[in-house]
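Residues per chain are reported as follows:
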Amino acid sequence: MEEKQFDPKSLIGYVLIFAIAAYYIYTNRPTPEELEAEKQKQEQVANTKQETEENKATTEISLPAAVDSLGKVAAYQKLGAFGYSQTLASANGGETLLENEVLSLKINNKGGYISEAKLKNFKTYDANSVYLIKDGKNANLSIDFSTADNRVLSTKDLFFEPKLTKVGDNQQLSMRLKVANDKFLEYVYVLKPNDYMLDFSVRSQGLESVFDSSKSIDLNWELEAFRHAKSNTYENRYTEVVFEYEDGRDDYTGQGDFKEEEAEDVTYVAFKQHFFSSVLLTDKAFKKGKFTSTNLIKDEAIDTLKLKKFTAQMPLALNAGNLNYQMNWYYGPTDYEILKSYDRNLDEIVALGWGIFGWINKIIFIPLFSLLGGFLPYGLAIIFMTILVKIGLSPVTYKSYVSQARMKVLKPEITELNEKYADNPMKKQQETMKLYGKAGVSPMSGCIPALLQMPILYALFSFFPSAIALRQKGFLWADDLSSYDKIFDLPFTIPFYGDHVSLFPILASIAIFFYMQMTTGQNMPTQQQPGMPNMKFIMYLSPLFMLFFFNNYPSGLSLYYFISNLITIGIMLVIKNYIIDEDKIHAQIQENKKKPKKQSKFKQRLQEAMEQAEKQQKKKK
């Protein structure tokens, strides 16, 4: 067998191959930045694996393909220290679900904010789910800040890393916007069972050298309110920004195409959507707050999806170079009892009327209606509450009608005085006052009982539009007592009236007409006095106003006014036919005329002033 001889050319070839391989390896070795990124990636994978083992409820996120070195360089060039957040798995996007019995929330990795808020126990007027936020398209929360390397960044454009854990019965979601594994801006959401309120904290760690402390750090919250009710115009009337400031004072932006308000020491801001609200609360007051409300309904027939656009801007204060705020989110119904239960002054969001009217609702009507609604259908609860209110006001009604009866008895004598002193208004006034004094009748006695009823009527006018318990509760032909009842669609729209016919306002208008006929009509002068309003015109205008004004208001309110006036008419008929004897009143008045009547000092001065004026008038002649 011939022995194989050594070939020098082969040796040279092997040396060249080895040299080329060595050169290739040397020139393609990882840079220190790539080695650090790979190390962080391995640490991230290890942490993710550990978190998954610790908590099976952690949201599954699809991992992106590894970011190449060029992508990392671009991220750092664009975002500075926050470019690190773009290299993590969470930069691929994704959402985390928080859910309890009443609320379903989704939090997006991009921006770390709630991208969906659904109220599970409510439906819209057309039977769809009630969303306060949907698909991240109508709301946003962002912290806008400047960095030490002169960048202006917004958290809505950056990716947070989620970590979902269970703490007892609560779900806790940490969203971290990282500049390194131990340096970050963090949002923490805590959702409790069967609760509309979330704990929410904003804090930073290790960002003292990242934030530019000389420039403002602003929390910006935006939301476009979805339509949920049958009438977008009516719902829009109760959709506004409400905020609390300066140790418990509250205010609102009000209605209009564009409204703007500013306040100091703000403790909560609510984007109220009539029956549903989104509220941000803070334990440490924001130093300032700027709030805007923009009407999105320009044409009711066209703009049917959204009501208003809200914005809120509040500056955040650094503490030792970092942020630390304990806050809360509320996504839920604008329900007085629920909001009051949090003891954070949130019940002021519910439009129950100002001053004494609000107190009447809080002390009387809310507890009363809650009691009746606990065992009666809501339509019957309104009727029974109306009956109880009228029973409570019956002494006032009785005094008012007695006064009207006395004035009716005196009407012939007053007519005689008007004719006798037709050319002398001053003397006519003087003699009329003498007649009232002798008869023991005061023309104001009929007005005072009516004035006493006004706080009750106005309180109820505020109560029914805010009673969420009536929402989507039917009665007779009305399918929703919190909205208008419709018996007929019009082929056109009547200004101030609408494109439909509601029956309850028609019935209430008829009842008001007969009530005014029984009160104002029977004492109405046959001839209108100069300078006095035309009472007959007012008597016909009031029911017409009721008909137009209430056509788009809640049918529960129209039902109340219909039943209330019906009961009042019944009470007045009973008083007139079975309690008050006009002949007896007439005899009593005549008897009073014979008795010497001591006038009060006020009446004496008034009488003297009128006599003096009459003397001066005679001297001029």
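Colleague: Pulling in residues and values, what's your account of the overall build of the protein?
Modeller: Within the protein, the regular secondary structure consists of 14 helices and 19 strands. Taken over 621 residues, the protein has a buried fraction of 44%. Within the protein, contacts between residues separated by at least 24 positions form 65% of all contacts whose residues are at least 6 apart in sequence. Split by element, the accessible area of the protein, about 33500 Å² in all, is 56% carbon and sulfur.

Colleague: Hey, could you go over the environment of Asn-194 for me, with residue numbers and the actual values?
Modeller: Among the structural elements, Asn-194 can be located in the loop between strand S9 (183-191) and strand S10 (197-205). Taking the relative accessible area as the measure of exposure, Asn-194 reaches 51% and is therefore exposed. C-alpha separation for the pair Asn-194 and Val-102, spaced 92 residues apart in sequence, amounts to 5.7 Å. Beyond its immediate stretch of four places on either side in the chain, Asn-194 contacts Asn-100, Glu-101 and Val-102.

Colleague: Just give me the short version of the pattern of salt bridges, but keep the residues and values in it.
Modeller: Tallied over the entire structure, the rule returns 15 salt bridges. Among the ionic pairs, Arg-151 bridges to Asp-149, the shortest N-O distance being 2.4 Å. Here Arg-151 falls in the partly exposed class, since its relative accessible area comes to 21%. A salt bridge links Glu-260 to Lys-290; the nearest nitrogen and oxygen atoms lie 4.0 Å apart. One end of the pair, Glu-260, is in strand S14 (residues 258-273); the other, Lys-290, is in strand S15 (residues 276-295), with 30 residues separating them in the sequence.

Colleague: So what about the layout of surface pockets? Which residues, and what values?
Modeller: Of the volumes computed, that of the second largest pocket is approximately 730 Å³. Together, 27 residues line the second largest pocket, and Tyr-252, Ala-351, Leu-352, Gly-353 and Trp-354 are the ones closest to its centre. Considering each element in turn, the lining of the second largest pocket owes the most residues, four residues, to helix H9 (residues 447-466). Considered class by class, the residues forming the lining of the second largest pocket number 13 nonpolar, six polar and eight charged.

Colleague: Account for empty space enclosed by the protein, with residues named and values stated.
Modeller: Applying the stated criterion to the full structure yields one cavity of 30 Å³ or more. By volume, the largest cavity is sized at about 140 Å³. Looking at the largest cavity, it is lined by 15 residues, and the ones nearest its centre are Ala-229, Lys-230, Phe-275, Asp-480 and Ser-482.

Colleague: Residue-level account of the sheet that holds strand S3 (residues 114-123), with values.
Modeller: Strand order in the open sheet formed by four strands is S1-S2-S3-S4, with antiparallel pairing between adjacent strands. The sheet is open, and its two edges are formed by strand S1 (95-99) and strand S4 (129-133), each paired on a single side. Strand after strand, the sheet turns through a mean of 20° between neighbouring axes, direction not considered. Here S3 pairs with S4 via four bridges, running antiparallel. By the bridge assignment for S4, Lys-118 is matched with Tyr-131.

Colleague: Describe the packing of aromatic side chains, and please don't skip the residues or the numbers.
Modeller: Counted according to the given criterion, the structure contains 37 aromatic pairs. Lying across the ring of Phe-184, Arg-176 places its NZ or CZ 4.0 Å from the centre. Stacked on the ring of Tyr-325, the Lys or Arg Lys-284 has its end atom at 4.1 Å from the ring centre.

Colleague: Describe the pairing of strand S13 (residues 249-252), listing the residues and the values that go with them.
Modeller: Here four bridges tie strand S12 (residues 239-245) to S13, and the two strands are oriented antiparallel to one another. When the bridges of S13 are listed, Glu-244 appears paired with Asp-250. Between S12 and the antiparallel strand that follows it, S13, lie three residues; Glu-246 among them carries a positive phi value of about 45°.

Colleague: Which residues make up the side chain of Thr-267, and what values do they have?
Modeller: Among the structural elements, Thr-267 can be located in strand S14. Side-chain polar atoms of Thr-267 contact the side chain of Glu-244, separated by 2.5 Å.

Colleague: Can you break down unusual backbone geometry residue by residue, with the values?
Modeller: Positioned with a positive phi, His-274 is a non-glycine residue whose angle comes to about 60°. Checked against the element boundaries, His-274 lands in the loop between S14 and S15. With a phi close to 55°, Ala-320 is a non-glycine residue in the positive phi region. Along the chain, Ala-320 falls in the loop between strand S16 (306-316) and strand S17 (324-333). For Ala-320, a relative accessible area of 67% corresponds to the exposed category.

Colleague: Give a detailed account of helix H6 (residues 356-373), specifying residues and quantitative values.
Modeller: The end-to-end C-alpha distance of H6 is 24 Å, a good match for the 26 Å that 18 residues give at a rise of 1.5 Å each. At Lys-362, H6 is bent by approximately 35°, the largest bend along its length. Here H6 has its buried residues at Phe-357, Gly-358, Ile-360, Asn-361, Lys-362, Phe-365, Ile-366, Leu-368, Phe-369, Leu-372 and Gly-373.

Colleague: I'd like to hear about the pairing of S14, residue by residue, with values.
Modeller: Inspection of the sheet shows S12 paired to S14 by seven bridges, in the antiparallel sense. Bridging across to S14, Val-241 finds its partner in Phe-271. Relative to S15, S14 is paired through 14 bridges, and the arrangement is antiparallel. Bridging from a neighbouring strand, Glu-261 pairs with Phe-291 of S15. Once S14 ends, the chain turns through two residues before running back antiparallel as S15, passing His-274 with a positive phi of about 60°.

Colleague: Summarise the confidence of the model for the protein; cite the residues concerned and give the values.
Modeller: Taken as a whole, the protein shows an average pLDDT of 78; of its residues, 74% reach a score of 70 or greater. Below pLDDT 50 for its whole length, residues 48-67 participates in 27 contacts with residues either more than four positions away or in separate chains. In the predicted structure, residues 524-529 sits below a pLDDT of 50 and forms seven contacts with residues beyond four places in sequence or in another chain.

Colleague: Please give an account of the environment of Tyr-401 that cites residues and values.
Modeller: Looking at the secondary structure, you find Tyr-401 in helix H7 (residues 378-420). For the pair Tyr-401 and Lys-576, spaced 175 residues apart in the sequence, the C-alpha separation amounts to 8.3 Å.

About the cut-offs
Residues numbered from 1 in each chain as written. Predicted model: local features only at pLDDT ≥ 70, side-chain atom pairs only at ≥ 80, totals over all residues. Heavy atoms only, no water. Helix = DSSP H or I, 4+ residues; strand = E, 2+ residues; numbered from the N terminus. Buried < 20%, exposed > 50% of the residue type's maximum accessible area, 1.4 Å probe, protein only. Contact = heavy atoms within 4.5 Å. Areas by Shrake-Rupley, 256 points an atom, 1.4 Å probe, with all protein chains shown as cover. Salt bridge = Lys/Arg side-chain N within 4 Å of Asp/Glu carboxyl O. 1 Å grid on protein atoms, 1.4 Å probe; cavity = no way out; pocket = protein on both sides within 12 Å on 5 of 7 lines; lining within 4 Å. Points joined across faces, edges and corners; volume = space filled by probe spheres on them. Nonpolar A, V, L, I, M, F, W, Y, C, P; charged D, E, K, R; others polar. Pairing = 2+ DSSP bridges. Axes fitted to C-alpha atoms, helices over the stretch in contact; angles between N-to-C directions. Phe/Tyr/Trp six-rings, centres within 6.5 Å; stacked < 30°, edge-to-face > 60°. Lys NZ or Arg CZ within 6 Å of the ring centre and 35° of its normal. Polar contact = N/O pair within 3.5 Å; in protein donor to acceptor, adjacent residues only side chain to side chain. Expected span 1.5 Å × (residues − 1). Bend = angle between axes of the 7 residues up to and from the residue. pLDDT = per-residue confidence, 0-100.

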